[in-house]
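Structure assessment
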Amino acid sequence: MALRIVLAGPWAMVTSGDLADHKRLTTWLDALEATCGRALTHGPRFYAGFAYAARSKLGELVTLQDQEAPETFPRIGEPLDVLVGTPLGEKLRSYQKEALRALFASRRGVAQLPTGSGKTLLAAAAIAAVPMRWLYLVHRRALADQTLKVFLAEGLLATDDPLDMDAKVVVATYQSALSDGPLRSSLPDYEGVIVDEAHAVAAPSYADVLEQTVNAGFRFGIGATPLLREDALNAVTIGLLGPVVYAKSVQELVEDGYLAPGQVRFRPFHHPTVTERSSYIDEYRKHITLNVERNRLLGAAIEKSIAPRLVIIRELDHAPALLESGGLENTLVLDGSSTPEYRERVLTLFRDRKLDTLICSSIGEMGLDLPEAATIVVASAGKAALRSIQRLGRGTRKAKGKFGFELIDVADTGGPGWLARHARARAAAYSEAGYLVTGPPEVAGAHTELSSWAPDVALVMAGPSGPRQTLAEYLAESSRSDLFSVAVGGAAVLAFAVWVIAELSEYAIYGHWIR
C-alpha cells in the first residue's frame, strides 16, 4: 500500500500506508535531523517539503494530498490566464511565466533566478494571479520598502500594516514577525507566503516564523542562491518551502539578452610573512581593513575603472581607510546606520550617474537595485560562495548606456594562510557561476566543484547493495533487509543523511546535478 501523506501549511504527516515503509521514512528523517542538528519534525509531523522529495524518488509508492485543496486552486496555466491583457501580465518575460507555472503546479517550491532577473515582478504576478491573503517576507527593512514600492506601482493592494485587511499582500521583515505584535499574531491567517532570498529561512528564528504560517498552502521561495549554504541547513530551506521547481542561470539570461555580461579581474597583492599569529578578527583588520598598501592598490584600481562604481566592504572603518588611500574623488559611503532619507539621496545620485563611487557595507551585497553600476569592487575578504555570487549580482542588471560590468577583487598571497585560500575560494565561486576570471595564476585557474559547497553526493551510503544506491533502491531493497541493521554504527547513518541532503539539492545550482 502506498504511503499517503497529507500536507497542511508547513507540515506533512503520513496518514496511511505500509508500516515498514513508514518506519523507513521516519528513519530517514531522523538521520536528516542528526546531520542538521535541528528539529525537522514535530511529533508525527515533518516539514512538508520532504514529502515532495519522497514522492520524486519513490513515485507511485507515495501519494500526496493537500489538506486545504480549495476548489479555487489554479490548474497549470490558469495563473497566466488571469494575467492575460493586464499591464503586469504584459511585462512578464518568458522565463518568468515558466517559473510562475512551475510554482503554482507544485503549490510549494523555490524559483532560482539570478539577481536582476525580475524576481519581485514574478512575486507580484503570483500575488495578482490568485486572490487570497499573502505574506511577503524579507530579511531587511530596506528590501521591504523597496518591494512595497514595486508592488504598489504594479497596482497591487499592498501594505506593510498587518491590520490593513483590505490589502492583498503584507510586506514584512522577519524581525517584525518575531516581535510580539499584530503581525506575529496574524501569521496563521495568511493563505500564501512568498519568501525573498530563500536561503535565509534556514536561520532558526526565521524558520520559526515560517512554521507559524500554518494555513499557508501556497509556499514559494525566490532567490539567486537558495541552496548555496555551506552547511547542512539547505535541508531546512527545502523542508519549509519545497524543492527547487524552476531554475535559470546567469549565463542563460545573458545569452538571451536579459542580463548584462561581465568578467572578473583579480589584482595581485602579496602580504609579508607572518611570524606570530593572532585571532582572525585581528588578522583581518591588520591585513585587510587597515592595510595601507592594499588599500592603495584598490584605490588605484578604482580610479582606473569605469564609473559608477560600487565598492563593498565588511568593516565600517574600512571606508575612511580607503578614502585616505587617495584616488577616490566624488565618493560617498552607505551603511546600515544611514537614515532612509540619506540612503535615498545617495542612491538617486548614483542612479543619475552624478556619483562616481559608492562605498557600501554588507547592505551592498544583496537587495540594492543599482543597474547603473559598471564596476563592482570587492575590497573585503572572505570565502563564502553565496556572498561572492550575490556580489556579482550587483552588476548583472542592464541599464541605458551600459554594455557590461567588471568585478575587481584582490588575489591575496602570503601572510596568514587563510588569505590565499579565501581568494581562491572566491575565484572558484565566480568561475562556477560562469564568469571569465583573469589575474595571477593563483586565482585565474582556481576551480572547485559545486559539491564542495554542498554535501558530497559521492559519499558511500551504507546498505545491502554497497555504495551509490539511490533512495528508491534503498527503500525497495530494505523491504527485505533493514538498512540500519547492517550499517556500521552512527557514521553510516550520518553518511546516509548527508547523501539524502545532496539528493534533495539536486537542482539547487543552475538546475543540474551536483557532482
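Thresholds, definitions, all that
Residues numbered from 1 in each chain as written. Predicted model: local features only at pLDDT ≥ 70, side-chain atom pairs only at ≥ 80, totals over all residues. Heavy atoms only, no water. Helix = DSSP H or I, 4+ residues; strand = E, 2+ residues; numbered from the N terminus. Buried < 20%, exposed > 50% of the residue type's maximum accessible area, 1.4 Å probe, protein only. Areas by Shrake-Rupley, 256 points an atom, 1.4 Å probe, with all protein chains shown as cover. Pairing = 2+ DSSP bridges. Axes fitted to C-alpha atoms, helices over the stretch in contact; angles between N-to-C directions. Contact = heavy atoms within 4.5 Å. Parallel < 35°, antiparallel > 145°, perpendicular 65-115°, else oblique. Left-handed = near helix turned anticlockwise from the far one by under 90°. Nonpolar A, V, L, I, M, F, W, Y, C, P; charged D, E, K, R; others polar. Right-handed = clockwise from strand over helix to strand, strands pointing away. Core = buried A, V, L, I, M, F, W, Y, C linked by side-chain atoms within 4.5 Å. pLDDT = per-residue confidence, 0-100. Salt bridge = Lys/Arg side-chain N within 4 Å of Asp/Glu carboxyl O.

Turning to the overall build of the protein chain, a few remarks are in order. A tally of helices and strands in the protein chain yields 22 helices and 19 strands. When the 515 residues of the protein chain are sorted by exposure, 55% land in the buried category. Element-wise, carbon and sulfur atoms account for 54% of the exposed surface of the protein chain, whose accessible area totals about 20,900 Å².

On to the sheet that holds strand β13 (residues 262-271). One open sheet holds the seven strands; their spatial order is β15-β16-β14-β17-β18-β13-β19, and the pairing between them is parallel. Whereas interior strands pair on both sides, the edge strands pair on one side only; in this sheet they are β15 (331-334) and β19 (436-438). Between one strand axis and the next, the sheet turns through 20 degrees on average, direction left out of account. Taken together, the four bridges between strand β14 (residues 309-312) and strand β16 (residues 357-360) define a ladder with parallel strand orientation. Looking at β16, one finds that Arg309 is bridged to Thr357. Along the sheet, helix α17 (residues 385-393) makes contact with β13, β14, β17 (375-378) and β18 (405-414), crossing β18 at roughly 145 degrees.

Right, let's get into the packing of helix α5 (residues 94-106) against helix α6 (residues 119-129). In contact at an axis separation of 10 Å, α5 and α6 are set at 50 degrees when each is read in the N-to-C sense. Classified by the interaxial angle, the pair formed by α5 and α6 is oblique. Judged by the twist between their axes, the crossing of α5 over α6 is right-handed. Residues Gln96, Ala99, Leu100 and Phe104 of α5 pack against Leu121, Leu122, Ala125, Ala126 and Ala129 of α6. Looking at the contact of α5 with α6, its residues break down into eight nonpolar, one polar and no charged.

Sheet faces and side chains relate simply in a regular strand, where the side chains alternate between the two faces. The alternating pattern of β16 places Thr357 and Ile359 and Leu358 and Cys360 on opposite faces, both of which are buried. Where β15 meets β16, four bridges bridge the pair, whose relative direction is parallel. Bridge pairing links Val333 to Ile359 in β16. Crossover connection from β15 via helix α16 (residues 340-351) to parallel β16: handedness right-handed.

On to the nonpolar core. Residues Phe104, Trp134, Phe151, Ile194 and Leu358 are the most contacted members of the largest nonpolar core, which totals 73 residues. Considering every element that reaches this core, the biggest residue donor is α6, with eight residues. In this structure, Trp134 is in contact with Phe104, Ala126, Ile127, Lys168, Val169, Val170, Tyr190, Gly192, Val193, Ile194, Phe218 and Phe220, ignoring residues within four places of it in sequence. Counting residues in each nonpolar core, the second largest holds 51 residues, with Leu29, Ala54, Val62 and Leu227 among its members.

Ordered in space as β3-β4-β2-β1-β5, the five strands form an open sheet in which the pairing is mixed. At either margin of the open sheet sits one strand with a lone partner, and together these are β3 (41-42) and β5 (62-66). Examined bridge by bridge, strand β1 (residues 3-8) and β5 share five bridges and lie parallel to one another. Residue Arg4 lies in a different strand from β5, and its bridge partner there is Thr63. Its contacts with the sheet put helix α1 (residues 19-36) on β1, β2 (11-16), β3 and β4 (45-47), and the angle it makes with β1 is roughly 50 degrees.

Now for the packing of α17 against helix α18 (residues 417-432). Orientation of α17 relative to α18, taken along the N-to-C sense of each, is 55 degrees, at an axis distance of 9 Å. If you check the angle between α17 and α18, you find them oblique. Crossing geometry of α17 relative to α18 is assigned as right-handed. Across from Ala385, Ser388, Ile389, Arg391 and Leu392 in α17, the residues of α18 making contact are Arg426, Ala429 and Tyr430. Its residues assigned to classes, the contact of α17 with α18 comprises five nonpolar, one polar and two charged.

Moving on to the environment of Ala232. Examined against the element boundaries, Ala232 turns out to sit in the loop between β11 (218-223) and α11 (234-241). Accessibility expressed as a relative area gives 17% for Ala232, which makes it buried. Placed 30 residues apart in sequence, Ala232 and Ala202 show a C-alpha to C-alpha distance of 9.7 Å.

Locating Glu154 in the fold gives a position in the loop between α7 (141-153) and β8 (158-159). Every residue in contact with Glu154, bar those within four places of it in the chain, is listed here: Leu88, Lys91 and Leu121.

In this model, the protein chain carries a mean pLDDT of 81, and residues with pLDDT of at least 70 account for 82%. Confidence over residues 70-77 falls short of pLDDT 50; this stretch has 10 contacts with residues more than four positions distant or in other chains. Confidence drops under a pLDDT of 50 for residues 447-515, and excluding neighbours within four residues, the segment shows 138 contacts in the predicted structure.

As a further point, take unusual backbone geometry. Along the chain, Ala307 connects to Pro308 via a cis peptide bond; the corresponding omega equals -5 degrees. Tracing the backbone shows Pro308 in the loop between α14 (292-304) and β14.

Once that is clear, we can look at α11. The element α11 is largely enclosed, with a buried count of eight among its eight residues. Among the residues making up α11, those that are buried are Asn234, Ala235, Val236, Thr237, Ile238, Gly239, Leu240 and Leu241. Among the residues trailing α11, Gly242 stands out with phi positive, at a value near 105 degrees.

Looking at chain direction, β13 and β18 are connected through 10 bridges and run parallel. When the bridges of β18 are listed, Arg265 appears paired with Ile408. With three bridges connecting them, β13 and β19 associate as parallel partners. Along β19, the bridge assignment pairs Gln263 with Leu436.

When the charged atoms of two side chains with opposite charge come close together, those side chains can pair. Enumeration over the complete set of coordinates arrives at 14 salt bridges. Note that Arg265 and Glu406 form a salt bridge whose closest N and O atoms lie 2.6 Å from each other. Of this pair, Arg265 sits in strand β13 while Glu406 sits in strand β18, and the two are 141 residues apart along the sequence. According to the relative accessible area criterion, Arg265 is partly exposed, its value standing at 23%. On the accessibility criterion, Glu406 (14% relative accessible area) is buried.

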